[in-house]
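Breakdown of the fold
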Amino acid sequence: MMKLMRYRFKTWCMIVILLTGSFYPVAFDAVAGLTSRIRNAIFTAYMNGYVAALKLDIVRIEAMKKDKKLMKTVLMEATREYLQQVEDMN
């Protein structure tokens, strides 16, 4: 009984998806892809954040793990510094 219900549910889902695509063909064209420029920017930001995290000492890391407000403050300051570096490069 459960298998039959799942099969019917999957079948109806496929029918709805195909009908939606036939009525609104752009629905299948909307892909959440990244351009190479955006991908490279995200990759560079991740690398820079990783390197910055490696520079932190263990005492500060432990303090940030215990105090969420401190973590937010440190992250916001690091974000501002990084954005300033990016703006200076442009």
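None of these values were measured; they are calculated from a predicted model.

What counts and what doesn't
- Residues numbered from 1 in each chain as written.
- Predicted model: local features only at pLDDT ≥ 70, side-chain atom pairs only at ≥ 80, totals over all residues.
- Heavy atoms only, no water.
- Helix = DSSP H or I, 4+ residues; strand = E, 2+ residues; numbered from the N terminus.
- Expected span 1.5 Å × (residues − 1).
- Polar contact = N/O pair within 3.5 Å; in protein donor to acceptor, adjacent residues only side chain to side chain.
- Axes fitted to C-alpha atoms, helices over the stretch in contact; angles between N-to-C directions.
- Parallel < 35°, antiparallel > 145°, perpendicular 65-115°, else oblique.
- Contact = heavy atoms within 4.5 Å.
- Nonpolar A, V, L, I, M, F, W, Y, C, P; charged D, E, K, R; others polar.
- pLDDT = per-residue confidence, 0-100.
- Patch = residues over 30% accessible without salt bridge, like charges linked within 9 Å, V, L, I, M, F, W, Y side chains within 5 Å.
- Areas by Shrake-Rupley, 256 points an atom, 1.4 Å probe, with all protein chains shown as cover.
- Salt bridge = Lys/Arg side-chain N within 4 Å of Asp/Glu carboxyl O.
- Buried < 20%, exposed > 50% of the residue type's maximum accessible area, 1.4 Å probe, protein only.

Per the secondary structure count, the protein includes five helices and zero strands. The secondary structure elements of the protein, listed N-terminal to C-terminal, are α-α-α-α-α.

All right, on to the environment of Leu83 then. Counting through the fold element by element, Leu83 comes out in helix α5 (residues 68-89). Sequence spacing of Leu83 and Ala45 is 38 residues, and the spatial spacing of their C-alpha atoms is 9.8 Å.

Here α5 spans 32 Å end to end across 22 residues, near enough to the 32 Å set by a 1.5 Å rise per residue. Its side-chain oxygen placed 3.3 Å from the backbone nitrogen of Lys69, Asp67 serves as the N-cap of α5.

Turning our eyes to something else, we now look at the packing of helix α4 (residues 58-66) against α5. Working note: a packed helix pair is described by the angle between its axes plus the distance between those axes. Remark: α4 packs on α5, axes separated minimally by 5 Å, with the N-to-C direction vectors making an angle of 120°. Relative to α5, the element α4 is oriented oblique. For the pair α4 and α5, the contacting residues are Arg60, Ala63, Met64, Lys65 and Lys66 in the first and Lys68, Leu70, Met71 and Val74 in the second. A per-class count over the contact of α4 with α5 returns five nonpolar, no polar and four charged.

Another aspect to go through is the confidence of the model for the protein. Mean pLDDT over the protein: 76, with 80% of residues reaching 70 or higher. By mean pLDDT, helix α2 (residues 26-29) is the weakest element of the protein at 52, and α4 is the strongest at 87.

Our focus in this paragraph is the environment of Ala45. By secondary structure assignment, the location of Ala45 is in helix α3 (residues 36-54). Considered as a pair, Ala45 and Val86 are 41 residues apart in the sequence and their alpha carbons are 9.9 Å apart.

As a further point, take a nonpolar patch on the surface. A surface patch of nonpolar side chains, amounting to about 670 Å² of accessible area, comprises Phe43, Tyr46, Met47, Tyr50, Val51 and Leu54. Structurally, Leu54 can be placed in helix α3. Overall, the relative accessible area of 58% leaves Leu54 in the exposed class.

A few words on the environment of Ala78. Residue placement: Ala78 occurs in helix α5. Sequence separation between Ala78 and Gly49 is 29 residues; the distance between their C-alpha atoms is 8.6 Å.

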